[in-house]
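A look at the structure
Listed below are the residues making up each chain.
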Amino acid sequence: DQGLAKTKENLFKRISRAVAGKSRVDDEVLDELEEGLISADVGVETTLRIIERIQKRAAAEKYLNTAELNTILKSEILSLLAENSENSSLTISGDLPKPYVIMVVGVNGVGKTTTIGKLAYMFKNQGKRVLLGAADTFRAAAVEQLTIWANRVDVPIVKQQMGSDPAAVAFDTLNSAKSNDTDVVIIDTAGRLHNKVNLMNELSKIRRVMQKVIPDAPHEVLLVLDGSTGQNAFAQAREFTSATDVTAIALTKLDGTAKGGVVLGISDQFKIPVKYIGVGEKMTDLQIFDRVAFVESLFR
Ligand code: GDP
């Protein structure tokens, strides 16, 4: 809960300020609300959609009061998050295919390596056998960082020398997973965004080669976005979702920002569930995003 404290405070303050001293929802209330949502990085499109729905309700009911506004706002936000959680092709527990293959994508610096480390820790804690694959072979630092995380969490890692073919690393990793009774495989990929064609080709090659070992791999394609970068996160989501089939999003660095509204905007615009949120640098600082708890706590 701590991770999103600043966002909640910011949004909640704006909402209470919007309705202070008002007995009914008018244009002034809606303007203030709109500003609040935008300042929390919900995104213009999603904000306007929310405002429009509330406007309609206000017009239909004439004397919508501000307590009712909160209720409506809550249900609007919840439904906006709910619509997309159904697209999730993944579950954390229960019967996963074995090995369960997660391909992680995203640009450098967003917290991709850290998120992989945190995920490895989470799965390991559930008693699962985890294997990492260092398929970002373009930067020596990427392999080094991932190795540090593998050691920290105490899980094995498959790697090759820098500059080797990322698809070959993925291939090796999956083979190793099969012969070692691995439950969860997490594959890191390069985060360069030179151009979309490059990215597309590279990711589809990795997919193709993985499928020679495990026909339905990857089971999950996790896009990591830095939640504190606002519109950059939206732009990256646009790039990656058009380059490959992204099934879930991890939003990192939400601990330092009051702009966690990006959670709402991203899931609304891309119809892809925000599955994990990063709320710190430690291995325990990863949360499974709980939309109900999030919305509830926004209005507490
Ligand atoms: P990568 O280049 O995408 O692999 O990024 P890294 O995983 O190396 O992370 C870049 C920086 O962001 C590091 O200093 C991390 O400690 C930091 N970082 C990653 N996730 C979080 C998070 O959820 N919260 C905070 N505060 N920092 C994070």
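Quick caveat: nothing in here was measured; it's all calculated off a predicted structure.

1. Brief notes about the site of the ligand
- Near the ligand lie 15 residues; those nearest to it are Gly109, Thr113, Thr114, Asp255 and Glu281.
- Lysine 253 places a main-chain nitrogen or oxygen 3.0 Å from an oxygen atom of the ligand.
- Surface burial for the ligand is 77%, taken as the share of its 580 Å² of free accessible area covered by protein chains.
- Looking at which element gives the most residues to the shell around the ligand, the answer is helix α5 (residues 112-125), with 4 residues.
- Across the shell around the ligand, the residue classes break down as 3 nonpolar, 7 polar and 5 charged.

2. Some thoughts on the packing of helix α2 (residues 27-39) against helix α3 (residues 44-61)
- It is the contact of α2 with α3, at a shortest axis distance of 9 Å, that shows an interaxial angle of 155 degrees. Here α3 runs roughly antiparallel to α2, going by the angle between their axes. The hand of the α2/α3 crossing is right-handed. Each of Leu30, Leu33, Glu34, Leu37 and Ile38 in α2 lies in contact with α3, whose residues at this interface are Val44, Thr47, Leu48, Ile50, Ile51, Ile54 and Gln55.
- In the contact of α2 with α3, the residues fall into 9 nonpolar, 2 polar and 1 charged.

3. Describing the side chain of threonine 182
- Its place among the elements puts threonine 182 in the loop between α7 (166-179) and β4 (184-189).
- Sequence-distant contacts of threonine 182, that is, excluding residues within four places in its chain, are made with Lys98, Pro99, Arg129, Val130, Leu131, Ser176 and Ala177.

4. Concerning the packing of α3 against helix α10 (residues 262-270)
- One can describe the packing of α3 onto α10 by two numbers: an axis separation of 8 Å at closest approach and a directional angle of 90 degrees. With respect to their mutual orientation, α3 and α10 come out roughly perpendicular. Across the interface between the two elements, Glu45, Thr46 and Arg49 from α3 touch Leu264, Gly265, Asp268 and Gln269 from α10.

5. Thoughts on the environment of valine 104
- Relative to the assigned elements, valine 104 resides in strand β1 (residues 100-105).
- The buried category is assigned to valine 104, whose relative accessible area is 0%.
- Taking the C-alpha atoms as reference points, valine 104 and aspartate 188, separated by 84 residues in sequence, lie 5.3 Å from one another.
- Discounting chain neighbours no more than four positions away, the residues touching valine 104 are Lys112, Ile116, Ile186, Ile187, Asp188, Thr189, Leu222 and Val224.

6. Here we look at the pattern of salt bridges
- Within this structure, the stated rule accounts for 13 salt bridges.
- Between lysine 124 and aspartate 154 there is a salt bridge, with its nearest N and O atoms 3.6 Å apart. Of this pair, lysine 124 sits in helix α5 while aspartate 154 sits in the loop between α6 (140-153) and β3 (157-158), placing them 30 residues apart in sequence.
- With relative accessibility at 33%, the residue lysine 124 sits in the partly exposed group.
- Overlapping salt bridges bring together Arg49, Asp268 and Lys271 as one network.

7. Here's the deal with the packing of aromatic side chains
- Summed over all chains, the structure comprises 0 aromatic pairs.
- The ring of tryptophan 149 carries arginine 152 above its face, with NZ or CZ at 4.3 Å from the centroid.

8. Details of the sheet that holds β4
- With mixed pairing, the 8 strands of this open sheet are ordered in space as β3-β2-β4-β1-β5-β6-β7-β8. What marks the edges here is a single partner per strand, and that holds for β3 and β8 (286-288).
- Where strand β7 (residues 274-278) meets β8, 3 bridges bridge the pair, whose relative direction is antiparallel. Within β8, the residue paired with tyrosine 276 across the bridge is isoleucine 288.

9. Here we look at the confidence of the model for the protein
- Mean pLDDT over the protein works out to 87, with 93% of the residues at or above the 70 mark.
- Note on residues 86-91: pLDDT is under 50 here. Beyond four places in sequence and across chains, it has 13 contacts.

So, how was this worked out
Residues numbered from 1 in each chain as written. Predicted model: local features only at pLDDT ≥ 70, side-chain atom pairs only at ≥ 80, totals over all residues. Heavy atoms only, no water. Near = heavy atom within 4 Å. Polar contact = N/O pair within 3.5 Å; in protein donor to acceptor, adjacent residues only side chain to side chain. Areas by Shrake-Rupley, 256 points an atom, 1.4 Å probe, with all protein chains shown as cover. Helix = DSSP H or I, 4+ residues; strand = E, 2+ residues; numbered from the N terminus. Nonpolar A, V, L, I, M, F, W, Y, C, P; charged D, E, K, R; others polar. Axes fitted to C-alpha atoms, helices over the stretch in contact; angles between N-to-C directions. Parallel < 35°, antiparallel > 145°, perpendicular 65-115°, else oblique. Left-handed = near helix turned anticlockwise from the far one by under 90°. Contact = heavy atoms within 4.5 Å. Buried < 20%, exposed > 50% of the residue type's maximum accessible area, 1.4 Å probe, protein only. Salt bridge = Lys/Arg side-chain N within 4 Å of Asp/Glu carboxyl O. Phe/Tyr/Trp six-rings, centres within 6.5 Å; stacked < 30°, edge-to-face > 60°. Lys NZ or Arg CZ within 6 Å of the ring centre and 35° of its normal. Pairing = 2+ DSSP bridges. pLDDT = per-residue confidence, 0-100.

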